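# Inside the fold
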Amino acid sequence: MVGCLAVLFLLMVYVNREMPPPAGLATPAFSRRTRRYCNTDGLVREGREGGVVGYNLIGVTVTVRHGDRSAIHGIPGVGMDPVYNCSKVGEDDSPWPQGLRVVSETTGAAIERPTSSQVLSGKMCAAGQLTYLGFTQLKNLGKYMKQAYASHPVVFNTSSMYIRSTDYTRTMLSSAGFLSNFVEDGAQLEVRVHEKEENEFMHGVGLRSSSAGAFGFSSTTGEKVILGGCARAVALSKAQKAAFRKTAHVRQELAALFGVQAADKDITDLGDAIHAGACHELPLPCGQGGCLTAATAADILRSADKFYCDRFTGSAGGKTAAKLAMYPFLRSISDGLQFIADNQTAT
């Protein structure tokens, strides 16, 4: 007897060649994984791509983050804003696919959304915008997925695709890059979004941040905090966040280089300002007291990783908060897969 298999894939983009690290981070301390991420060629085929003996693949759920983006946060006391090139994103050789439209998840009506990354001046990206590299990452990922599942045509049947995105330009453009491979033959696809951010649970229903409305590289207002509908998850997340402390030497160097305001910034805001430049050969930030050292930059990135690990697995409340906050999203995925398994269709 042959069974049926509906599968959830959590995808990362893997590549097989490296770019040089950005200026100032040419050290072993800078993550090799991050340098590899900056490439768009040579996706490595991993796993059996639906080939499980004794089963027929009838459905797949793909969850993937947006591609490479410009920084959302700036560092107070830095002399100048970073320059990210947003040329070609949504124009030239990477157009918004003709068969793709954005619709309201609530009403089903078509809604107008930007079809290119927002810029500050010329082709300089505004804060949190998809770069050309990011668009290419998702375009190549979609191409890879289409080829990898060519023997399972039911999986990416455009007539039965359900596509959701958060209501951010970078995520909708990432969807467009991924889906451009599936609308080449005149197919029509819809990207569904919640127009009210508080109704979208893909980021969880606990304590979360929003960069909606961020435009310039503000050193103080890059994101705002949203309190989700699960009060217990919010409280536990706050407790976990309060348990985190920057190391003394990081605070001291930040204060000496950029001032006290920079030393008081959240570690993840600092990490964003540094890490987002990894694929763009941007130098480490400089202030009146000098430039950030590679060693401290690496410490900030490691600390930001630790913060996020604790946010989802921490003993001070993070682990329980994550279970509560992400339950609605994960339940919606499992319900969808169960529907496919029960009905033998991905409609």
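Going by the structure above, here's the rest.
The notes below deal with the structure included here. (Residues numbered from 1 in each chain as written. Predicted model: local features only at pLDDT ≥ 70, side-chain atom pairs only at ≥ 80, totals over all residues. Heavy atoms only, no water.)

### Remarks on the nonpolar core
Rules: By nonpolar core we mean a set of buried residues, namely Ala, Val, Leu, Ile, Met, Phe, Trp, Tyr and Cys, connected to one another through side-chain atoms within 4.5 Å. Think of it in three bands: residues with accessible area under 20% of the maximum for their type are buried, residues over 50% are exposed, and the middle band is partly exposed, with areas taken using a 1.4 Å probe on protein chains only. Only runs of H or I of at least four residues qualify as helices and only runs of E of at least two qualify as strands under DSSP, and these elements are numbered from the N terminus. When checking whether two residues touch, look at their non-hydrogen atoms; a contact exists if any pair is within 4.5 Å.
Grouped together as the largest cluster of nonpolar side chains are 28 residues, with contacts concentrated most on Trp 96, Leu 100, Met 145, Tyr 149, Phe 178, Leu 179 and Leu 189. Only strand 2 (55–63), strand 3 (100–104), helix 2 (132–148), helix 3 (169–179) and strand 7 (189–193) provide two or more residues apiece to this core. Top element by residues in this core is helix 2. It accounts for 6 residues. Discounting chain neighbours no more than four positions away, the residues touching Leu 179 are Leu 100, Met 161, Ile 163, Leu 189 and Val 191.

### A short note on the sheet that holds strand 6 (residues 163–164)
Here is the rule we go by: Two strands pair under a simple rule: DSSP has to find at least two bridges between them. The convention used is that axes are lines fitted to C-alpha atoms, helices contributing only their stretch in contact, and that angles between N-to-C directions extend from 0 to 180 degrees.
The sheet built from 3 strands is open, its strands ordered 3-7-6 with parallel pairing. Looking along the sheet, the strands with just one partner apiece sit at the ends: strand 3 and strand 6. Direction of pairing for strand 3 relative to strand 7: parallel, over a ladder of 5 bridges. Across the sheet, residue Val 103 finds its bridge partner in strand 7, namely Arg 192. Sheet contacts for helix 3: strand 3, strand 6 and strand 7; angle to strand 7, the most-contacted strand, approximately 155°.

### A word on the packing of aromatic side chains
How we decide: Geometry of aromatic contacts follows a simple scheme: Phe, Tyr and Trp rings, the Trp one being its six-membered ring, pair when their centres are within 6.5 Å, and the pair is stacked under 30 degrees between planes, edge-to-face over 60, tilted otherwise. Charge-over-ring placement is defined geometrically: NZ (Lys) or CZ (Arg) within 6 Å of the ring centre, and within 35 degrees of the ring normal.
By the definition in use, this model includes 3 aromatic pairs. Taking the centre distance of 5.9 Å and the plane angle of 85° together, the rings of Phe 307 and Tyr 308 count as edge-to-face. Take Phe 307: its relative accessible area is 14%, and that puts it in the buried class. Clustering of aromatic rings is evident, with ring pairs tying together Phe 244, Phe 307 and Tyr 308. Positioned over the ring face of Phe 201 is Arg 164, at 5.5 Å from the centre of the ring.

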